[in-house]
Amino acid sequence: MKNKILVYLLSFLFTLVFLSCSASLKDEKELLNLRNTFSNIIPKPVSITPTNKFFILDKSAKVYVEPMNTETSFIGKYLAGIIKPSTGYSLQVLKSDENAVERNIYLTINGKDKSLGEEGYELTVSEERINLSADAPAGLFRGVQTLRQLFPYSIESSDIEPGLWEIPTGTIKDYPRFEWRGVMLDVARHFFSVKDVKSYIDLSALYKINYLHLHLSDDQGWRIQINSWPNLSTYGGSTQVDGGKGDYYTQAEYSEIVAYAQERYITVVPEIDMPGHTNAALASYPELNNDGIAPSLYTGIEVGFSALAIKKDITYKFIHDVIKELSAITPGPYIHIGGDEAPKIDSIDYVHFIDKVQSIVYSFGKKMVGWDEISKANLFPTSVAQHWDNEIILNAVKQGVKVIMSPASKTYLDMKYDSTTGLGLFWAGYIEVKDAYNWDPATQMGGISENNILGIEAPLWSETIINLDDIEYLAFPRLAGHAEIGWSQVKGRNWDEYKERLAEHGLRWTEKGLNFYRSPQVLWK
Ligand code: ACM
């Protein structure tokens with residue numbers, strides 16, 4: 001009997017030991033599966049040289065910055081802030097100490113390699129340390145996004161994850177192909193809170209986007225407080241598409257968005273659309289109308305019916321005052337004046353109008369950006385034309401003006417993915433993830449080549465979207481592809497390889513709780 005009990009006891013103990021061993025073996029296997037490689041980075045870097053080992057980050061690591069100043073310490077803290085939620089490590093950010101013995105992260109602005117430019121960086125990971133160096137703070141910030149992507153995907157979790165925080169060793173040298181890699185958010189058709197805009201900024205920063213174009217006014221709403229014309233926002237901003245309650249940004253809120261973007265090396269470009277797309281302004285001030293009668297507020301989604309009274313002096317006083325206030329709260333060099341879809345205005349009058357508005361913009365020390373149609377006017381060499389749907393853009397190119405490529409059939413994030421997509425429109429066609437990726441700005445339109453192009457931008461119009469979940473669904477995965485088209489070299493870019501990287505980013509997005517579209521074109525993990 002005694003022997004029997006002993007045998008039972010022993011076999012029970014043996015089973016326990018066996019089970020706990022196999023559990024830890026399984027954990028180890030899972031951890032190995034979590035390991036990342038250099039081949040998952042989006043946008044794809046210029047050059048990668050793997051050395052096939054791993055740096056292990058532990059809780060004693062520090063982030064050393066050189067030189068230590070407001071910008072570098074902000075970037076160091078931003079990196080520590082990314083690492084903290086999932087690892088539970090609170091990495092200190094300190095002035096560089098070359099004698100430190102732990103495995104640390106070094107962020108350095110050394111200005112040694114001029115070929116990197118403002119936004120380029122060099123990242124070297126060895127078993128002992130991580131070195132990220134750049135010529136300018138923007139480059140460090142972009143490099144931090146790459147480093148973030150080298151961690152296992154669970155780094156993006158907002159809960160502490162059990163993990164061996166391993167980063168593959170090797171060197172990356174990287175810089176952007178195009179100077180302008182933008183996203184546009186239409187806050188006029190539907191309004192989005194400061195918090196939502198900040199979230200979109202964070203998601204864009206992850207993919208090295210550097211311009212946020214805010215479409216601040218349209219027929220359905222005026223979204224920025226203008227002190228000298230207060231009804232624009234209080235009345236013109238009071239509703240939105242489908243008649244819900246609208247809203248607007250106070251100048252302080254707008255400045256908060258601008259500063260948040262700036263900390264992420266993203267420049268805000270405010271757009272006040274004119275002379276068409278102006279019903280909200282016309283409804284707010286009767287004197288801006290040809291007949292002096294204010295129309296009703298508009299909550300539909302038609303275009304092309306509204307126009308400022310472009311022969312009245314008061315209209316130019318209005319534009320002057322708006323651009324003056326907007327310029328004062330916009331540190332970036334550009335003001336976007338729209339200029340699209342104004343069929344109510346005669347061609348000659350339209351040219352006069354844009355010429356005059358251009359002078360107003362430059363009188364406040366800003367450069368003008370406008371959609372295709374502004375190419376009919378006499379553009380200054382530093383004005384910028386944004387291509388969306390019209391060959392008239394070639395007129396701008398002939399004038400030596402640079403172009404932002406936003407062809408609607410490729411970059412409009414509000415186009416449905418396919419016929420089953422609940423959100424979005426489809427006037428420019430369905431845009432599946434592959435269609436959004438498989439094109440190149442320099443070959444998209446005859447007459448526009450690489451050196452005519454300032455960059456690319458992906459607009460998100462908001463007729464059908466009402467919240468951040470909707471923004472995420474239409475923007476992801478496509479935004480990642482546009483970011484790569486704007487940043488990465490065209491050589492070596494191909495869909496079959498890209499879609500593998502995208503699948504790994506799906507894991508990251510899941511960790512973040514992002515509401516992305518699981519396209520059947522990608523084998524999600
Ligand atoms: C535009 O889509 N009307 C620029």
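Residues numbered from 1 in each chain as written. Predicted model: local features only at pLDDT ≥ 70, side-chain atom pairs only at ≥ 80, totals over all residues. Heavy atoms only, no water.

Peer 1: Honestly, the overall build of the chain in this entry has me stumped. Any pointers?
Peer 2: Counting its regular elements, the chain contains 15 helices and 16 strands. Put simply, the chain has 525 residues, and 56% of those count as buried. Of the contacts formed within the chain by residues at least 6 apart in sequence, a portion of 73% connects residues at least 24 apart. Counting only carbon and sulfur atoms, one obtains 55% of the accessible surface of the chain, whose full area is about 21200 Å². Taking the average place of the 51 positive charges on the side chains of the chain and the average place of its 66 negative ones, the gap between the two points comes to 6 Å. (Helix = DSSP H or I, 4+ residues; strand = E, 2+ residues; numbered from the N terminus. Buried < 20%, exposed > 50% of the residue type's maximum accessible area, 1.4 Å probe, protein only. Contact = heavy atoms within 4.5 Å. Areas by Shrake-Rupley, 256 points an atom, 1.4 Å probe, with all protein chains shown as cover. Lys, Arg positive; Asp, Glu negative; His and termini not counted. Charge placed at Lys NZ, Arg CZ, Asp CG, Glu CD.)

Peer 1: Mind showing me how you'd approach the pattern of salt bridges here?
Peer 2: For side chains bearing opposite charge, pairing can occur when the charged atoms are close. Counted under the stated rule, the structure contains 23 salt bridges. When the shortest N-O distance is used, the salt bridge between R103 and D58 registers 3.3 Å. With R103 in the loop between strand 3 (92-95) and strand 4 (104-109) and D58 in the loop between strand 1 (47-57) and strand 2 (62-66), the pair connects residues that are 45 residues apart, well separated along the chain. Between E66 and K95 there is a salt bridge, with its nearest N and O atoms 3.5 Å apart. One end of the pair, E66, is in strand 2; the other, K95, is in strand 3, with 29 residues separating them in the sequence. A relative accessible area of 51% means that K95 is categorised as exposed. When salt bridges that share partners are traced, they join K44, E484, E497 and R501 into one network. (Salt bridge = Lys/Arg side-chain N within 4 Å of Asp/Glu carboxyl O.)

Peer 1: Can you walk me through the side chain of R148 in this structure?
Peer 2: By secondary structure assignment, the location of R148 is in helix 3 (residues 137-150). R148 has contacts with Y78, I82, I155, E156, L206, R508 and K512, leaving out every residue within four places of it along the chain.

Peer 1: So what exactly am I meant to see when it comes to the pairing of strand 9 (residues 211-218) here?
Peer 2: Regular strands have side chains that alternate between both faces of the sheet. Burial analysis of strand 9 places eight of its eight residues in the buried class, which makes it a mostly covered element. For strand 8 (residues 180-186) and strand 9, the ladder comprises five bridges, and the chain directions are parallel. Pairing of G182 across the sheet is with Y211, part of strand 9. Sheet topology note: the strand 9/strand 11 (residues 267-274) ladder contains six bridges and is parallel. By the bridge assignment for strand 11, H215 is matched with E271. Here two bridges tie strand 9 to strand 10 (residues 221-222), and the two strands are oriented antiparallel to one another. (Pairing = 2+ DSSP bridges.)

Peer 1: How should the sheet that holds strand 6 (residues 129-134) be read in this particular structure?
Peer 2: Strands in a sheet are paired, the pairing made by backbone hydrogen bonds, and the direction either parallel or antiparallel. Read from one edge of the open sheet, seven strands run 1-7-5-6-4-2-3, paired in mixed fashion. Of all the strands in the sheet, just strand 1 and strand 3 have a single pairing partner and so form its edges. Each neighbouring strand pair of the sheet contributes to a mean axis angle of 20 degrees, computed without reference to strand direction. (Axes fitted to C-alpha atoms, helices over the stretch in contact; angles between N-to-C directions.)

Peer 1: What am I meant to see in helix 4 (residues 194-206) here?
Peer 2: One full turn of an α-helix is made of 3.6 residues, so residues set three or four places apart face in the same direction. Under the 1.5 Å per step criterion, the end-to-end length of helix 4 is 19 Å for 13 residues, consistent within 8% with the ideal 18 Å. With ten of 13 residues buried, helix 4 is to be regarded as a mostly interior element. Taken residue by residue, helix 4 has V194, D196, V197, K198, Y200, I201, L203, S204, A205 and L206 as its buried positions. (Expected span 1.5 Å × (residues − 1).)

Peer 1: Help me understand the pairing of strand 6 in this model?
Peer 2: Across six bridges, strand 4 lies against strand 6 in parallel orientation. Bridging across to strand 6, Y106 finds its partner in N131. Where strand 5 (residues 121-125) lies against strand 6, four bridges are found, and the strand directions are antiparallel. Considered in strand 6, the bridge of E122 is made with S133. In sequence, strand 5 turns back onto strand 6 through a hairpin of three residues.

Peer 1: Please clarify how the packing of aromatic side chains should be interpreted in this entry.
Peer 2: The geometry of an aromatic ring pair is captured by two quantities: the separation of the ring centres and the angle between the planes. Under the counting rule described, the total for this entry stands at 30 aromatic pairs. Aromatic ring contacts, followed pair by pair, group Y207, F476, W509, F516 and W524 into a single cluster. The residue whose ring lies beneath R129 is Y106, and the NZ or CZ to ring-centre distance is 3.7 Å. (Phe/Tyr/Trp six-rings, centres within 6.5 Å; stacked < 30°, edge-to-face > 60°. Lys NZ or Arg CZ within 6 Å of the ring centre and 35° of its normal.)

Peer 1: Can you walk me through the layout of surface pockets in this structure?
Peer 2: Where empty space is left in the structure can be found by rolling a water-sized probe over the atoms. The space that makes up the largest pocket amounts to roughly 430 Å³. Put simply, the parts of the chain that give the lining of the largest pocket at least two residues each are helix 2 (70-87), helix 4, helix 13 (468-475) and helix 15 (495-512). The greatest single-element share of the lining of the largest pocket, amounting to five residues, is contributed by helix 2. (1 Å grid on protein atoms, 1.4 Å probe; cavity = no way out; pocket = protein on both sides within 12 Å on 5 of 7 lines; lining within 4 Å. Points joined across faces, edges and corners; volume = space filled by probe spheres on them.)

Peer 1: Would you mind showing me how to read the side chain of N210 here?
Peer 2: Inspection of the secondary structure assignment puts N210 in the loop between helix 4 and strand 9. The class of N210 is buried, set by a relative accessible area of 6%. Looking at N210, its side chain comes within polar contact range of the side chain of E119, at 3.3 Å. A distance of 2.8 Å separates a polar atom in the side chain of N210 from the backbone nitrogen of R181. Setting aside its immediate chain neighbours within four residues, N210 contacts E119, R142, E179, W180, R181, Y265, I266 and T267. (Polar contact = N/O pair within 3.5 Å; in protein donor to acceptor, adjacent residues only side chain to side chain.)

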